[in-house]
Amino acid sequence: MLDTIGASTLEDLYSHLPEDVCFHGALNIPAGKSEYEIVDYFRARGLENANSHANFLGAGVYHHYRPVLVDAVVSRGEFLTSYTPYQAEISQGTLTAIFEFQTMICQLTGMDVANASMYDGSTAVPEAAMMAMRITGRDGIAVARTVHPEYREVLGTYTRHQSTLVTEFEYDPESGQVDLESLEQALNETTAAVIIQSPNFFGVVENAKQVAEIAHAKGALLVFVFTEAVSLGLLEPPRDADIVAGELQSFAIAPSYGGPFAGIIACKEKYVRQLPGRLVGETKDANGNRAFCLTLATREQHIRREKATSNICTNQALIALMATVFMALYGKQGLRELAEQNLAKAHYLGERLWRRFNGPYFNEFVAATGVQSPDEINRRLLGFQIVGGLPLDRFYPELRNSVLLCCTEMASRADMDAVAEAFGA
Amino acid sequence: MDPENLRYTKEHEWVRVEGDVGIIGITSHAQSELGDIVYVDLPKPGTVIQQGKTIGSVESVKAVSDIYTPVSGEVVEVNGLLTESPETLNKDPYGTGWLVKIKLSDPGEPAKLLTAAEYQAFVGTETS
Amino acid sequence: MISKVRPHPTQNESLLFETSSPGKAGYQLPKLDVPPVDARDALGAQNVRQEIPDFPEVSEVDVIRHFTRLSTWNYAIDLGLYPLGSCTMKYNPRVNEAVARTEGLMWIHPYQPDALSQGAFAILAELERALAEITGMDAVTLQPAAGAHGELTGILLVRAALEAQGNARKKVIVPDSAHGTNPASVRMAGYEVVNVASNDRGMLDVEALVRTVDEDIAAIMITNPNTLGVFEEHIAEVARILHSKGALVYMDGANMNALAGISRPGDYGVDLMHLNLHKTFSTPHGGGGPGSGPVAVKKPLEPFLPLPRLQHAPSGWSWNYDRPQSIGRVRAFYGNFGVLVRALAYIMAHGGDGLNRATLDALLNANYLRKLLESHYEIAYHAPSMHECVFRHASNGAIAKRLIDYGFHPYTVSFPLIVHGAMMIEPTETESKQELDLFADALVSIAQEVKENPELVSTAPHSTRTTKVDEVAAARKPILKWTR
């Protein structure tokens, strides 16, 4: 090959580089390892982490069972090792699956259009907010304090340099839901969007319809956020929202220390041209057969460059495929039954503890720890191989001695009894 | 062939004056460079605009081209046919594929634009 | 009527919604070990939904068959050469997939106590160190989820650093050969884009640059090697020019597969850059993601890196949130951890020497292809190629489709925008000479076909289940979901 090129050594291939850019040393990275050594290294690191513990953490990342079939599908090289489906004729597998994904997200959320995925829920939120600003021509955002605190931080980072004013509004200390008075005060004629999450960070189900009415009366859009996708199996979909931004981790995506997950943005049909990210559409091939392709690409960075709806390029396609397979497996009946199991588990434990808020809850709730500190309780639970809930004062200084607990279908009655005991209940 | 009775811009728009109204469109050269047009974004009637400013865009599958108005004034009508059938722009750019009608605020503007011959000469230099 | 008349790879396949039949399901749940709860009582009747209309009802066998059949309609690296320029479609080692599914890595919650996540910290720290070493930088954040996310993070870092000096400035320079994400990221960070043209050698025009750089310029975003596969020979001088005016140099590291082990941007004036782990470091593209776009910076930019940062004390690793100058969070949690695990596995398998060798092989393969094709296609720029090469041809789109009939994925079509009729070819190091020869033969043969039988080329592909797809109809009347 070198002969063909007319070079005598491999190093000749970059001999045209100026001297001052060449690296002549050896990279300080240990010599290459065998497959066995690599597997062994990661197994050892895994053993240094919590292993086979029961887990009552939620807060945007949920322990749900992952059906075996999900990995069987996403491990197929045809899905795993293909690129973004720009060449439609040899990407119909990926394109068809994304079309099904978009359809199921619309069915679940009650929206008209859904994109092919965002990085995660936290980055979907600022993208939805910027979308609302483009649609309304306004630059204010009102976000509930009950939206995931880290999502709100990301919103702050993204909007800081867009001359956007982000206002937070309060929650009602009794119900844990949006405080409607505080919401009204946060709104004015420059508000592009009201952002709420339901179930919210405290696990409480919001009254989206009421919030939508207030937002719409001021000419603002409602952006509805969800972090626990399983709740959509049971809860009324956010039909009154204009844009939905969510996280699909609950759909067979492993917690994996926080990523990779898959976010989505869905919206009303009339806003489709302001939607960021890829979209797959149905069309026909030259023989008149149904076919799919990426479409409305003029919204995107590779064509509109600095005027694009977003800079997003790579998304989370394979992770979205996990969610697609999950939705197909559980289906109409299974998703509801799964949600009902989560509801039952959470209420089994929740009704035995002193809950901070009296609003309706799905599979998460805030429990007061009483005279004990959250750390004391969690330390005790660790002795039973149980990872306890999330102490909330980290994000809400006013919520001292409060723990956010999550019970999914994977929480066993015995472990929940142990948690109740640790709380002194 | 670009009609003689129209005036043209270097951004490939044309204007035809009828009374105090200017009818705006894009040239045949422009539609052919873009290819199959799939979407046309036009301003709302009532919008007041200045010569040379963006009033919308024309999209093919893989390109977007801004439309710059060749004349100043108020948009009095937009071509609703293009919403349903954007391909009209490809088929008949100087007729049924017109984009907007603008009530001229400066009736002297069109005469300062390129004639058909000048536009053809310009397109010739741009493509060679 | 007989509706199944062909074997599966060519058979039409119904959508899940069309296969659906009431009562079918592919899930199993354990028997509930607690009392059931009436949803309407617990949540309020108005909060409980009716059944989800048209949501699928299919069996487990239906599901595996459906997705397996769909998969057979995809081209993939596992099937052959995938020469998409600037995408670095190299082999994705399966050991990476295996280790990412290690139980103690896959099932850890981001909020579990730091003491219970020490193994995860060790992996992140090791990867940060390796990436800093490869780039010649001082600190790395692993948080960005993809290249474009890294770009946004990087430009926000530029802004924060300049703001700390009292003036964030207004504009960022982006060469006209740049990937579209660059200008889009610049806008999202609140800067204006200033384009500069490339010169006739396909490189940044240094004289034009000198004229452009003033006190309003915050930074340049420069891809190196650029999207023509050409090394920006004057990059050190570019850095001096920018630095002399107080501006920073951001390098888009999408093409780092040309440099690992032979050239370290941190050594010649680049202040910060992102890497695409799904390109250079072999994590799978997965049909469009997930990716990971770590940002590596020099020391002065370190205080501004996103929250949180790794920190080490005698008691072990933990997350540090106490960083007042940070740009804040760019996403929830700590990055695409599962992708980071795969990238570290790749680096460990190669070691320092192996990374260097991979780069040389990538250069070898690209230059070999260039040589085989040069007498049949016009090279866009004569400057030496690094890991990819760009040809031009008026029928670049049709030739791409015709390549499909020869069993290959097309090259990148019509990018970079500055080359009319661009054919951008990046073979990567993992292709054998045999595969490269087959590919070159195919392109040479197509060049002949274009002359002798243009119809054959313009109507391609002919061998796929799906023939040429009507993208115009899709865009004119968008159908974005299935409806009954």
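Residues numbered from 1 in each chain as written. Chains lettered and ligands numbered in written order. Predicted model: local features only at pLDDT ≥ 70, side-chain atom pairs only at ≥ 80, totals over all residues. Heavy atoms only, no water.

Trainee: Just checking my understanding: could you explain the side chain of Lys90 of chain C for this structure?
Mentor: Residues and elements named next belong to chain C. Tracing the backbone shows Lys90 in the loop between α3 (60-71) and α4 (94-100). Assessed through its relative accessible area of 1%, Lys90 is described here as buried. At 2.8 Å, the side chain of Lys90 forms a polar contact with the side chain of Tyr346. Here Glu429 takes part through its side chain, which lies 2.8 Å from a polar atom of the side chain of Lys90. (Helix = DSSP H or I, 4+ residues; strand = E, 2+ residues; numbered from the N terminus. Buried < 20%, exposed > 50% of the residue type's maximum accessible area, 1.4 Å probe, protein only. Polar contact = N/O pair within 3.5 Å; in protein donor to acceptor, adjacent residues only side chain to side chain.)

Trainee: Please explain the environment of Val366 of chain A as it appears in this structure.
Mentor: Residues and elements named next belong to chain A. Counting through the fold element by element, Val366 comes out in strand β11 (residues 364-368). Residues Val366 and Ala254, 112 residues apart in the sequence, show an inter-C-alpha distance of 24 Å. Apart from residues no more than four positions distant in its own chain, Val366 is found in contact with Phe202, Trp354, Arg355, Arg356, Phe357, Leu392, Ser402, Val403 and Leu404. (Contact = heavy atoms within 4.5 Å.)

Trainee: How do you make sense of the interface of chain B and chain C when you look at a structure like this?
Mentor: Often the size quoted for an interface is simply the accessible area lost on bringing the parts together. Tallying the contact residues gives nine residues for chain B and five residues for chain C. Between chain B and chain C, the buried area comes to about 580 Å², and carbon and sulfur atoms account for 52% of it. Run the count over chain B and chain C and you get two salt bridges. Notably, a salt bridge pairs Glu87 of chain B with Arg476 of chain C, separated by 3.7 Å at the nearest N-O pair. The interface formed by chain B and chain C includes three residue pairs in polar contact (both at pLDDT 80 or more). Broken down by class, the residue content of the side of chain B that touches chain C amounts to four nonpolar, one polar and four charged. (Buried area = accessible area lost by both parts, 1.4 Å probe. Salt bridge = Lys/Arg side-chain N within 4 Å of Asp/Glu carboxyl O. Nonpolar A, V, L, I, M, F, W, Y, C, P; charged D, E, K, R; others polar.)

Trainee: What's the story with the interface of chain C and chain A in this structure? I'm lost.
Mentor: On the chain A side, the residues contacting the 191 residues of chain C number 180 residues. Of the roughly 15,900 Å² buried between chain C and chain A, counting both surfaces, carbon and sulfur atoms make up 63%. When residues of chain C are sorted by the area they lose upon contact with chain A, Arg49, Tyr111 and Leu480 of chain C head the list and together hold 6% of the total. Inspection of the region where chain C meets chain A yields nine salt bridges. When the shortest N-O distance is used, the salt bridge between Lys332 of chain A and Glu51 of chain C registers 3.0 Å. When the residues that make up the side of chain C that touches chain A are grouped by side-chain class, the tally is 107 nonpolar, 49 polar and 35 charged.

Trainee: It is not clear to me how the pattern of salt bridges should be interpreted in this structure. Could you clarify?
Mentor: A side chain of one charge can pair with a side chain of the opposite charge if their charged atoms are brought near each other. Residue and element names in this part refer to chain C. The full count for this structure, using the stated rule, is 54 salt bridges over all chains. Residue Asp54 pairs with Arg484 through a salt bridge whose shortest N-O separation is 2.7 Å. Of this pair, Asp54 sits in the loop between α2 (39-43) and α3 while Arg484 sits in the segment after α15 (471-476); the two residues are 430 residues apart in sequence, bridging distant segments of the chain. Take Asp54: its relative accessible area is 25%, and that puts it in the partly exposed class. Among the residues examined, Arg484 registers a relative accessible area of 76% and is labelled exposed. A salt bridge links Lys433 to Asp437; its shortest N-O distance comes to 2.9 Å. Taken together, the residues Lys433 and Asp437, both in helix α13 (residues 433-452) and four residues apart, mark about one turn of the helix. The exposure class of Lys433 is partly exposed, given its relative accessible area of 40%.

Trainee: Please clarify how the packing of aromatic side chains should be interpreted in this entry.
Mentor: The geometry of two aromatic rings is summed up by the distance between their centres and the angle between their planes. All names here are of chain B. If you walk through the whole model with that rule in mind, you get 29 aromatic pairs over all chains. For the pair Trp14 and Tyr94, a centre-to-centre distance of 6.0 Å together with 45° between the ring planes defines the contact as tilted. Taken together, the residues span a long stretch of sequence, with Trp14 in strand β2 (residues 13-18) and Tyr94 in the loop between α3 (88-91) and β9 (100-104) at a distance of 80 residues. Using a relative accessible area of 0% as the deciding quantity, one classes Trp14 as buried. Assessed through its relative accessible area of 15%, Tyr94 is described here as buried. (Phe/Tyr/Trp six-rings, centres within 6.5 Å; stacked < 30°, edge-to-face > 60°.)

Trainee: Would you take a moment to explain the domain arrangement of chain A for this structure?
Mentor: Residue and element names in this part refer to chain A. The assigned domain composition of chain A is domain 1 (54-65 + 332-422) and domain 2 (69-325). Between the C-alpha centres of domain 1 and domain 2 the distance comes to 27 Å. Contacts between domain 1 and domain 2 engage 32 residues on the former and 34 residues on the latter. Summed over both sides, the interface between domain 1 and domain 2 buries roughly 2,600 Å², with carbon and sulfur atoms accounting for 64% of that surface. When the area that domain 1 buries against domain 2 is broken down by residue, the three leading residues are Phe357, Phe362 and Tyr396, summing to 25%. Along the contact surface separating domain 1 from domain 2 lie two salt bridges. In this structure, the salt-bridge partner of Arg394 is Glu150, at a minimum N-O distance of 3.8 Å. For the pair domain 1 and domain 2, the number of links is 14 residue pairs in polar contact (both at pLDDT 80 or more). Among the elements of the structure, α11 (317-350) and β11 are those that each provide at least two residues to the side of domain 1 that touches domain 2. (Domains from an automatic or database assignment.)

Trainee: Teacher, can you tell me more about the sheet that holds strand β4 (residues 165-169) of chain A here?
Mentor: Residues and elements named next belong to chain A. One open sheet holds the seven strands; their spatial order is β2-β8-β7-β6-β5-β3-β4, and the pairing between them is mixed. At either margin of the open sheet sits one strand with a lone partner, and together these are β2 (113-114) and β4. Where strand β6 (residues 221-226) and strand β7 (residues 243-247) come together, four bridges link them in parallel fashion. Looking at the pairing, Phe226 lines up with Gly246 of β7. (Pairing = 2+ DSSP bridges.)

Trainee: Just to check I follow, could you spell out the packing of helix α11 (residues 337-374) of chain C against α13 of chain C for this structure?
Mentor: The packing of two helices is summarised by the inter-axis angle and the distance between the axes. Residues and elements named next belong to chain C. It is at 10 Å that the axes of α11 and α13 come closest, and there the two elements cross at 30°. As far as their axial angle goes, α13 and α11 are roughly parallel. Considering how the two elements wind past one another, α11 and α13 form a crossing that is right-handed. Of the residues in α13, those touching α11 at Asn365, Tyr368, Leu369, Leu372 and Leu373 are Lys433, Leu436, Asp437, Phe439, Ala440, Leu443 and Val444. Within the contact of α11 with α13, the residues separate by chemical class into nine nonpolar, one polar and two charged. (Axes fitted to C-alpha atoms, helices over the stretch in contact; angles between N-to-C directions. Parallel < 35°, antiparallel > 145°, perpendicular 65-115°, else oblique. Left-handed = near helix turned anticlockwise from the far one by under 90°.)

Trainee: Looking at this structure, how should I read the side chain of Asp120 of chain A?
Mentor: Within the element layout of this structure, Asp120 of chain A appears in the loop between β2 and α6 (121-136). In this structure the side chain of Asp120 of chain A is engaged in a polar contact, spanning 2.9 Å, whose partner is the side chain of Ser122 of chain A. Those residues in contact with Asp120 of chain A, other than ones at most four positions away along the chain, are Glu247, Phe261, Ala262 and Gly263 of chain A together with Arg331 and Ala332 of chain C.

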